[in-house]
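Chains, contacts and geometry: an overview
Residues per chain, in single letters:
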Amino acid sequence: MRRARKRFGQHFLHDPGVLRRIVDAIDPKPGERIVEIGPGRGALTLPLLERCGRLEVIEIDRDLVPLLRERAAGRGELVVHEADVLEFDFGALAGGGSKLRVCGNLPYNISTPLLFHLLDSRALISDMHFMLQKEVVDRIVAPPGGKTYGRLTVMVAAACAATALFRVGRGAFQPPPAVDSAVVRLVPHTGDPFPLPDRDRFARIVAAAFSMRRKTLRNSLRGLVDAAQFDAAGIDAGRRPETLAPAEFARLAAL
């Protein structure tokens, strides 16, 4: 059996019970455009393929591709894209009016930049189901006010409804990772959940605020938001960024 490559952050999921729960959560149907990121040895790929009949996968490790094709033979149509998912154009997969359903056991070392990459393509996606480091899932669904609430929380909230589904222990993987994992469901909003006339300014403000999260907004947003704009938004400039709800960041960005 081929060993995991550390440079790809590979931890192969092998627990049958966990795999069943993930497939049931995705609930794939024939005719849907399902895309799996990082199929690895095919533990999730094969049950998905059997349920939906056709599956597209994105795999960076070319050594795994022959094994995937061999294991998928006779189970359905497997389309393999040998590519770095961080550079992959999801728009090239979209077509025919049907949106993509994206899933996968995401490599921990690229999970956050990959989530931001996928959020940029959210108009093409109907939902996403991912296995992530539990700490990342906790950050995605965190309420305002705590240490886990941050830039990722706010940016995901502006793009998707997020639901933490269940925790997965380390023993479900080979080799076992050093941390626990969790499965999250992300469903892109059909419209903005709050007014966002300038999404780029919103992203800049959120990034600046959390780059200095121990400082007050007055200091961290200096040069981006002035005193009059804080007053117009009805937000105290003496607050810290983790106390603001996503909609409050949007109010600051709209001025």
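A brief structural summary.

So, how was this worked out
- Residues numbered from 1 in each chain as written.
- Predicted model: local features only at pLDDT ≥ 70, side-chain atom pairs only at ≥ 80, totals over all residues.
- Heavy atoms only, no water.
- Phe/Tyr/Trp six-rings, centres within 6.5 Å; stacked < 30°, edge-to-face > 60°.
- Helix = DSSP H or I, 4+ residues; strand = E, 2+ residues; numbered from the N terminus.
- Lys NZ or Arg CZ within 6 Å of the ring centre and 35° of its normal.
- Axes fitted to C-alpha atoms, helices over the stretch in contact; angles between N-to-C directions.
- Parallel < 35°, antiparallel > 145°, perpendicular 65-115°, else oblique.
- Left-handed = near helix turned anticlockwise from the far one by under 90°.
- Contact = heavy atoms within 4.5 Å.
- Nonpolar A, V, L, I, M, F, W, Y, C, P; charged D, E, K, R; others polar.
- Core = buried A, V, L, I, M, F, W, Y, C linked by side-chain atoms within 4.5 Å.
- Buried < 20%, exposed > 50% of the residue type's maximum accessible area, 1.4 Å probe, protein only.
- Pairing = 2+ DSSP bridges.
- Salt bridge = Lys/Arg side-chain N within 4 Å of Asp/Glu carboxyl O.

1. Considerations on the packing of aromatic side chains
By the definition in use, this model includes four aromatic pairs. Ring plane angle 40° and centroid distance 5.6 Å describe the contact between Phe210 and Phe249, whose orientation is recorded as tilted. You can see Phe210 sitting in helix α7 (residues 199-211) and its partner Phe249 sitting in helix α10 (residues 246-253), a full 39 residues away along the chain. Every member of this aromatic cluster is reached through a ring pair, and the members are Tyr149, Phe210 and Phe249. For the cation-ring pair, Arg21 lies above Phe166, with the distance from its terminal atom to the ring centre recorded as 4.0 Å.

2. Some details on the packing of helix α6 (residues 151-159) against α7
As a packed pair, α6 and α7 sit with axes 9 Å apart at the nearest point and diverge in direction by 160°. For the element pair α6 / α7, the angle class is roughly antiparallel. Remark: the crossing between α6 and α7 carries right-handed chirality. In this structure, α6 contributes Arg151, Val154, Met155 and Ala158 to the contact, and α7 contributes Arg199, Phe202, Ala203, Val206, Ala207 and Phe210. For the contact of α6 with α7, the per-class residue count stands at eight nonpolar, no polar and two charged.

3. Observations regarding the packing of α7 against α10
Where α7 meets α10, the closest approach of the two axes is 9 Å, and the angle between their N-to-C directions is 115°. The element α7 and its partner α10 pack so that their crossing is right-handed. Packed against α7, whose contacting residues are Arg201, Phe202, Ile205, Val206, Ala209 and Phe210, the element α10 presents Pro246, Phe249, Ala250, Leu252 and Ala253 at the interface. Among the residues making up the contact of α7 with α10, the classes are represented as 10 nonpolar, no polar and one charged.

4. What to know about the nonpolar core
Of all hydrophobic cores here, the largest spans 55 residues; its most connected members are Ile37, Phe130 and Phe202. In this view, Phe202 contacts Val154, Met155, Ala158, Phe194, Leu196, Pro246, Phe249, Ala250 and Ala253; residues no more than four positions away in its chain are not counted. In terms of nonpolar packing, the next biggest core, distinct from the first, is built from 27 residues, Ile34, Leu46, Val57 and Leu78 among them.

5. Some words on the sheet that holds strand β7 (residues 160-168)
What links the strands of a sheet is backbone hydrogen bonding, and the strands pair in either a parallel or an antiparallel sense. Strand order across the open sheet formed by seven strands is β4-β3-β2-β5-β6-β9-β7, with mixed pairing between neighbours. Whereas interior strands pair on both sides, the edge strands pair on one side only; in this sheet they are β4 (77-82) and β7. Strand-to-strand, the axes of this sheet are offset by a mean angle of 20°, without reference to chain direction. Where strand β5 (residues 100-105) meets strand β6 (residues 125-133), six bridges bridge the pair, whose relative direction is parallel. Counterpart to Cys103 in the pairing with β6 is His129. Those strands touched by helix α1 (residues 16-26) are β5, β6, β7 and β9 (181-188), and its axis lies near 160° from that of β7. Packing against the sheet, α6 makes contact with β7 and β9, and its axis sits at approximately 120° to β7.

6. Observations regarding the pattern of salt bridges
Here the structure, examined in full by the defined rule, presents 14 salt bridges. Close ionic contact of Glu56 with Arg54 constitutes a salt bridge, the shortest N to O distance being 3.1 Å. Judged by relative accessible area, which is 5%, Glu56 ranks as buried. According to the relative accessible area criterion, Arg54 is partly exposed, its value standing at 32%. Notably, a salt bridge pairs Arg239 with Glu248, separated by 3.0 Å at the nearest N-O pair. Beyond isolated ion pairs, a larger network of salt bridges with shared partners links Asp24, Asp27, Lys29 and Arg51.

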